[in-house]
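# Architecture and fold: a report
One-letter residues, chain by chain:
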Amino acid sequence: MREAKRVINRNFLILCAILFMLNAFLIIKDNHAQKEYAQAYNEMLEYAAKMENETVSCKEAVSLAWKKYFARHKIPFYGNVQDDKDIMRKAAVSARQKLDEQAKYADGFDSLIEEKIDEAERLIKSGFYKNNSFEYVNLWKTRYDLNALKDIEVRLSSGSWLEKLYEYPYASIFSLLLVLVSIYGFFSERKTGLYLCIHAAADGRARLFLRRSAIILMENILINAAFFAESAAIHISIYGGLKYINYAAADSEILMLTAGTLTRLEFTAAMAFMSALAGTCLSIMFWLILSLFRNINIGMFIYIIICAGEYLLYLFIPAKSMFRGLRYINIYYLLFPNKTFEYYNWGYSGNIFSLRASTAGFAIVLGTVLFMINMYMNSKTYYTGKQNIIETAISVIMEAFMRLLGRMPVSCKEIYKILISQKVMIILMLLIYAAGNIQAGIGTFYDASKSYLSGYYEKADGLHYSKELTDIYNQYYEEYKKAVENIDLHSETGREFFYYRKNLIGSIRKNVDYIKRMNEKGINAVVLKPYEFEGAFGLEQSSAQKELALLNVLAVLAISSGFISYEKSNGMYNLSMSYYKRKNWLNRKIRINLFLIGLFEITSYAIYYKKIFETFELKNLSAPLKSLPMFENYILNPSIGGFILINMLYSFILLSAVSLIMCMISFYIKYAYCLLTGMLMVLPQLLYMLGFQVFDKLSIGRYIAFLPCFNEGKISAYDCYGVGISLCAVGAAFYVYIMEDEAVRG
Amino acid sequence: MELELKELKKSYGDVHALRGISYKFSTGIYGILGANGAGKSTMINLITDNIIRDDDGGEVYYNGKEILQMGKEFRKKVGYMPQQQGFYEDFSPRTFLRYIAEIKGIRAKDAKMQTEELLSVVNLSKVADKKIGGFSGGMKQRVLLAQALLGKPDILILDEPTAGLDPKERIVLRNYIAGLSKNKIILLATHVVSDIECIADRVLFIKKGRIVAEGTPEELINSMIGKVGEITCSLENVESLQEKYRIGNIRQRKSGLVLRIAGDTLPADAVLVDNNIDLEDVYLYYFG
């Protein structure tokens, strides 16, 4: 079909490829850390599956399996282990826990179902609920649905991939995005004037309409299938479980009522189908709305407003409200179709609907109605160039805004140009959203040692090396001596306890010595409980800090990529270069770039540090930084709060250097390719995030974040300084070059 | 006021865009005629200091001073309307003019006043706050002209200013430019003869990077006496005549096809039209 070929053009295919890669990247980034866990789980499952039979229950099989696994890999159950074995042990313990839960579920599945059915029947018979009330009918429905599960044979099988796929929303979102982009391409005929030819042809509009309808349908089916297939394949490659693909999805407890009697393969297909159905409805809606406006960008804006409005209805209407119909029959479920598979019934009085049935029905009915309206509009609409009421209103608002912009300083015009004309605002909002999703950790876990030592830190909090501090130490030492006085060192338990208490007092001694050493050097340091700060600024946060730095670099690339390339693409470069204050113009553009970069950095870091502060409950920010032994080698000794600001300033300086490099690239590369070219700077870090450790040292984020290098040791810290200075030197050189007369003229 | 070009040269690799142009411009309108690729835009870019001169690329003087040494002081005196339409489509004309005013170093108060004045002059006051992206080609050209006039420059350089304009708009623009010519040097580069026929004080013909002719329109027309003729022929003979002579207009008359020919040699049966020569014929003579 020629229309399909026109719409599915080179740019569309490039976007396709980008989204497929992004999809893969997101899945791998979020899940590759689970590889050790997945390996341990799959191996244990293999052992358990071989042992499970009619006489050996799942629980017994799992118990034997994990013991075999631990023995085979020589992983000790208790005691200290080296780092890599420790990682293996943690993974194995998690896998064992998961298998234990699965075994319990599998063994008890039949009785679980019977129990739930009995409970439902008991409630039905109790007379507590009125006949024909929603609750009464819901009980019957639940009973009915549970009955259907009775025939399922639940076994031990690997279904983690499907559990993750079920929670993964982006397959649907990317599919929808691609289809909407191709619908946007339907309207290029308005720009070229081709619509006049189409309208003048005998059946031009009708034929084109049918073809486009077919394109929307086919794209939704094929693209959704492709994204779900890719997502499933990648999840399976990480978690394993390919040979269990035809097992019941209900083998996973969380999918029991969700997937019903479907196998894992069938459930995946069901999710893809629902996504395609929802996507088709949303696509038709998008097509109709865009057709109503002369300016299709206004149409897009209205579409977004409608979706946002529906989302607000979903958010604010409670589940039991009389308006709950608006909550459950909602575009929100079309945008996130996987959520419709959650087992949930709703309704009014004796009328009950499952969430997925009502969503599917909504998609079909709405899609059909909108399709009919679109068909009618298509045959009747004349592109007279007249504005409708919404367009007129928006036009009035835009004019008022332009009047205001005209009066504002030139810097505001430059900001408007970058954020609105170059559409950088969209990229920055996506990056802020990503920053909001960076994992800051789960807080500090207090084992017995930390709990004991907390007592010391609380007593000695804020003390310099002094008599008071040594008195506190002496108290703990006396306590230690008393505790170990009568210990039987010949027994293992006795020895364990002795060494445990010895380590504790050793830690306190170490801290006191540290404070003493610092104070003797004239460095202001006080006793400070370190655990929250280690969690907030230590190696645990390396990934998060690198990610945050990466997002800032991406923001820099987006802001700076159009520095000259955008000006050249619209003919403004030559014009501006012929005028009096051309160097001022360049300087101002650089200043605005840096302003936006700084603003983004503050926003993204504020979001991140808010999470850090809440997670770790950081206090004592005015304490000297070197109170924390982890910062003994830091070159300065500001307050802890001051350190955060200095770190941000350091990052800002490096980001500015990156910006100048990007500005330089912008002189020579076309606007359409500038951002992509700049992305080469972040490619090593993206590869590192996909699991290629070798690219860690080439990742720009680690140097901009600084702390990941610093926490690795002195050499890494010096590397970081070196890279930082080099970046600044290159940036400064580029700035001088950019301002050079000859470079400016080109 | 004088703008002097001395042996201006520019090469792009093996392509010699300008081959040593020397000329003096003083106040008045100068039409610069030439086919596409003749070197007009290159010459303009060298005057506006948008491209780097070659090592032996000549000099440009304004009132006796080299413009590269004058630097931004020279650029202050220039108003430039480029061939390639350059604006931010998301800006309104008012916003755009204020933006350009800042690059031109015009003070805010003056910028505001001149912006409103020029919007009125180019008849865009009613759409001053609508986005330029929605304008027709002619309206966009008027925005460009307005920005060139900001700051009341001494030197106005207009590169293909009537591109995209309808005949009425062309006339309006021509007349407006004619009204500006006092106390300004106006360079009007075009390949459309009618743009400058009525208004130019002097015309330069540029071909392959050189000035092949220059003078007042009258002088140039007079130089064509005896070199322009018309011949009537049939359709079958047109092709053979086109191969031998430079043919301009072909008109259909009762007697047959009338061909207008310009050149040093004319067909024997060509009738001279010495009383009816125009600049088109001069253009045809040099570029046909």
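Residues numbered from 1 in each chain as written. Chains lettered and ligands numbered in written order. Predicted model: local features only at pLDDT ≥ 70, side-chain atom pairs only at ≥ 80, totals over all residues. Heavy atoms only, no water.

### Section: the overall build of chain B
- For chain B, the helix and strand inventory stands at eleven helices and 14 strands.
- Principal-axis analysis of the C-alpha atoms gives chain B an extent of 65 × 45 × 35 Å.
- Looking at chain B residue by residue over its 288 residues, the buried ones come to 54%.
- Intrachain contacts of chain B at a sequence separation of at least 6 include 67% that bridge at least 24 residues.
- Of the roughly 13,100 Å² that chain B leaves accessible, carbon and sulfur atoms contribute 46%.
- Taking the 40 positively charged and 39 negatively charged side chains of chain B as two groups, their mean positions are separated by 6 Å. (Helix = DSSP H or I, 4+ residues; strand = E, 2+ residues; numbered from the N terminus. Buried < 20%, exposed > 50% of the residue type's maximum accessible area, 1.4 Å probe, protein only. Contact = heavy atoms within 4.5 Å. Areas by Shrake-Rupley, 256 points an atom, 1.4 Å probe, with all protein chains shown as cover. Lys, Arg positive; Asp, Glu negative; His and termini not counted. Charge placed at Lys NZ, Arg CZ, Asp CG, Glu CD.)

### Here we look at the overall build of chain A
- Looking only at helices and strands, chain A features 36 helices and two strands.
- Its C-alpha atoms give chain A principal-axis dimensions of roughly 105 × 85 × 45 Å.
- Across chain A, the fraction of contacts at a sequence separation of at least 24, relative to all contacts at a separation of at least 6, is 72%.
- As displayed, chain A offers around 37,000 Å² of accessible surface, 62% of which is attributable to carbon and sulfur atoms.
- Measuring between centres, the 79 positive side-chain charges of chain A sit 10 Å from its 66 negative side-chain charges.

### Digging into the pairing of strand β1 (residues 3-12) of chain B
Residues and elements named next belong to chain B.
- Judged from the eight bridges that link them, β1 and strand β2 (residues 15-25) form a sheet pairing that is antiparallel. Opposite Lys10, over in β2, you have Leu18 as the bridge partner.
- Counted between consecutive antiparallel strands, the loop separating β1 from β2 contains two residues, among which Gly13 sits at a positive phi close to 65 degrees.
- Examined bridge by bridge, β1 and strand β4 (residues 59-62) share four bridges and lie antiparallel to one another. Bridged to Leu3 within β4 is Tyr62. (Pairing = 2+ DSSP bridges.)

### Description of unusual backbone geometry
- Despite not being glycine, Lys423(A) shows a phi value in the positive range, around 60 degrees.
- Take Lys423(A): it is sitting in the loop between α20 (410-421) and α21 (424-436).
- Unlike most non-glycine residues, Lys152(B) shows phi in positive territory, near 50 degrees.
- Looking at the secondary structure, you find Lys152(B) in the loop between α6 (137-149) and β7 (155-159).
- Here Lys152(B) falls in the exposed class, since its relative accessible area comes to 52%.

### Some remarks on the packing of aromatic side chains
- Taken as a whole and judged by the stated rule, the model has 72 aromatic pairs over all chains.
- For the ring pair Tyr416(A) and Phe91(B), a centre distance of 5.9 Å and an interplane angle of 45 degrees mean the geometry is tilted. Of this pair, Tyr416(A) sits in helix α20 while Phe91(B) sits in the loop between β6 (78-81) and α4 (93-103), placing the two residues on different chains.
- When its relative accessible area of 0% is taken as the criterion, Phe91(B) is described as buried.
- Plain terms: the ring middles of Phe631(A) and Phe643(A) are 4.8 Å apart, the flat faces sit at 55 degrees to each other, and that makes the pair tilted. Of this pair, Phe631(A) sits in the loop between α29 (582-616) and α30 (640-668) while Phe643(A) sits in helix α30, and the two are twelve residues apart along the sequence. This pair shows no difference in class: Phe631(A) is buried, exactly as Phe643(A) is.
- By the ring-pair criterion, three or more aromatic residues cluster together here, those being Phe533(A), Phe537(A), Phe631(A), Tyr634(A), Phe643(A), Tyr650(A), Phe706(A), Phe710(A), Tyr718(A) and Tyr721(A).
- Lying across the ring of Tyr473(A), Arg509(A) places its NZ or CZ 4.5 Å from the centre. (Phe/Tyr/Trp six-rings, centres within 6.5 Å; stacked < 30°, edge-to-face > 60°. Lys NZ or Arg CZ within 6 Å of the ring centre and 35° of its normal.)

### Description of the interface of chain B and chain A
- Contacts between the two partners involve 39 residues from chain B, matched on the other side by 35 residues from chain A.
- Note on chain B versus chain A: buried area summed over both sides is about 3,300 Å², and carbon and sulfur give 56% of it.
- At the boundary of chain B with chain A, the tally comes to four salt bridges.
- Between Glu102(B) and Arg588(A) there is a salt bridge; the shortest N-O distance is 2.4 Å.
- Linking chain B to chain A there are 20 residue pairs in polar contact (both at pLDDT 80 or more).
- With eight residues, the single largest contributor to the side of chain B that touches chain A is α4(B).
- Its residues assigned to classes, the side of chain B that touches chain A shows 15 nonpolar, ten polar and 14 charged. (Buried area = accessible area lost by both parts, 1.4 Å probe. Salt bridge = Lys/Arg side-chain N within 4 Å of Asp/Glu carboxyl O. Polar contact = N/O pair within 3.5 Å; in protein donor to acceptor, adjacent residues only side chain to side chain. Nonpolar A, V, L, I, M, F, W, Y, C, P; charged D, E, K, R; others polar.)

### Structural notes on empty space enclosed by the protein
Residues and elements named next belong to chain A.
- Overall, the coordinates contain four cavities of 30 Å³ or more when judged by the stated rule.
- Here the second largest cavity is characterised by a volume of approximately 60 Å³.
- Lining of the second largest cavity is provided by Gln545, Leu548, Tyr605, Tyr608, Tyr609, Asn647, Ala705 and Leu707.
- Sorting the residues of the lining of the second largest cavity by element identifies α26 (542-560) and α29 as the ones contributing at least two each.
- By residue number, the principal contributor to the lining of the second largest cavity is α29, which donates three residues. (1 Å grid on protein atoms, 1.4 Å probe; cavity = no way out; pocket = protein on both sides within 12 Å on 5 of 7 lines; lining within 4 Å. Points joined across faces, edges and corners; volume = space filled by probe spheres on them.)

### Some points on a nonpolar patch on the surface
- Taken together, the side chains of Leu217(A), Met218(A), Ile221(A) and Leu222(A) present a nonpolar region at the surface, about 370 Å² in accessible area.
- In this fold, Leu217(A) is placed in helix α12 (residues 204-239). (Patch = residues over 30% accessible without salt bridge, like charges linked within 9 Å, V, L, I, M, F, W, Y side chains within 5 Å.)

### Quick word on the side chain of Thr359(A)
- With respect to the element layout, Thr359(A) can be found in helix α18 (residues 355-380).
- With sequence-adjacent residues up to four places away left out, Thr359(A) is seen in contact with Met274(A), Tyr328(A), Tyr333(A), Leu334(A) and Thr340(A).

### Brief notes about helix α5 (residues 108-121) of chain B
All names here are of chain B.
- Helix length check: α5 (14 residues) gives 20 Å between terminal C-alpha atoms against 20 Å at 1.5 Å per residue, within 8%.
- Buried residues in α5 make contact with α4 and α6.
- One or two steps after α5, the chain reaches Asn123, where phi turns positive at roughly 60 degrees. (Expected span 1.5 Å × (residues − 1).)

### Quick notes on the nonpolar core
- In this structure, Met44(A), Ile183(A), Phe267(A), Phe537(A) and Phe631(A) are the most contacted members of the largest nonpolar core, which totals 168 residues.
- Examining the composition of this core, we find that 16 residues originate from one element, helix α14 (residues 264-291) of chain A, more than from any other.
- Contacts of Phe631(A), omitting those with residues within four sequence positions, involve Phe537(A), Leu625(A), Lys626(A), Phe643(A), Leu707(A) and Phe710(A).
- By size, the runner-up hydrophobic cluster in this structure holds 108 residues, among which are Leu405(A), Tyr573(A), Leu18(B) and Ile185(B). (Core = buried A, V, L, I, M, F, W, Y, C linked by side-chain atoms within 4.5 Å.)

### Examining the sheet that holds strand β11 (residues 228-233) of chain B
Residues and elements named next belong to chain B.
- An order of β12-β13-β11-β14 is seen for the four strands of this open sheet, with the pairing classed as antiparallel. Each edge of the open sheet is held by one strand with a lone partner, namely β12 (246-253) and β14 (271-272).
- Inspection of the sheet shows β12 paired to strand β13 (residues 256-262) by six bridges, in the antiparallel sense. Along β13, the bridge assignment pairs Arg253 with Gly256.
- Across the face of the sheet, helix α10 (residues 235-244) comes into contact with β11, β12 and β13 while running at roughly 145 degrees to β11.
- Against the sheet, helix α11 (residues 279-287) contacts β11, β12 and β13, and its axis sits at roughly 70 degrees relative to β13. (Axes fitted to C-alpha atoms, helices over the stretch in contact; angles between N-to-C directions.)

### What about the domain arrangement of chain B?
Residue and element names in this part refer to chain B.
- Domain assignment breaks chain B into domain 1 (3-216) and domain 2 (222-287).
- Distance between the C-alpha centres of domain 1 and domain 2: 34 Å.
- Of the residues lining the interface, twelve residues belong to domain 1; the matching set on domain 2 comes to seven residues.
- Interface of domain 1 and domain 2: buried area, both sides summed, is about 890 Å²; carbon and sulfur atoms make up 76% of it.
- The largest per-residue losses of area from domain 1 upon contact with domain 2 belong to Val193, Glu197 and Phe205, which jointly make up 51% of the total buried on that side.
- Across the domain 1-domain 2 interface, the total number found is zero salt bridges.
- Across the contact surface, domain 1 and domain 2 share one residue pair in polar contact (both at pLDDT 80 or more).
- Of all the secondary structure elements, the ones that give two or more residues to the side of domain 1 that touches domain 2 are β9 (202-207) and β10 (210-215).
- Looking at the side of domain 1 that touches domain 2 element by element, the count peaks at four residues for β9.
- Considered class by class, the residues forming the side of domain 1 that touches domain 2 number eight nonpolar, two polar and two charged. (Domains from an automatic or database assignment.)

### Digging into a positive patch on the surface
All names here are of chain B.
- Taken together, Arg19, Lys207, Lys208, Arg210 and Arg246 make up a surface patch of like positive charges.
- Secondary-structure assignment places Arg210 in strand β10.
- Residue Arg210 is classed as partly exposed on the basis of its relative accessible area, which comes to 43%.

### Here we look at the side chain of Arg98(B)
- As for its position among the elements, Arg98(B) is in helix α4.
- Within the buried set, Arg98(B) has no salt-bridge partner at all; the shortest N-O distance to an opposite charge, 5.6 Å, is to Glu116(B).
- Excluding anything up to four places from it in sequence, Arg98(B) contacts Gly406(A), Lys413(A), Ala108(B), Ala111(B), Lys112(B) and Thr115(B).

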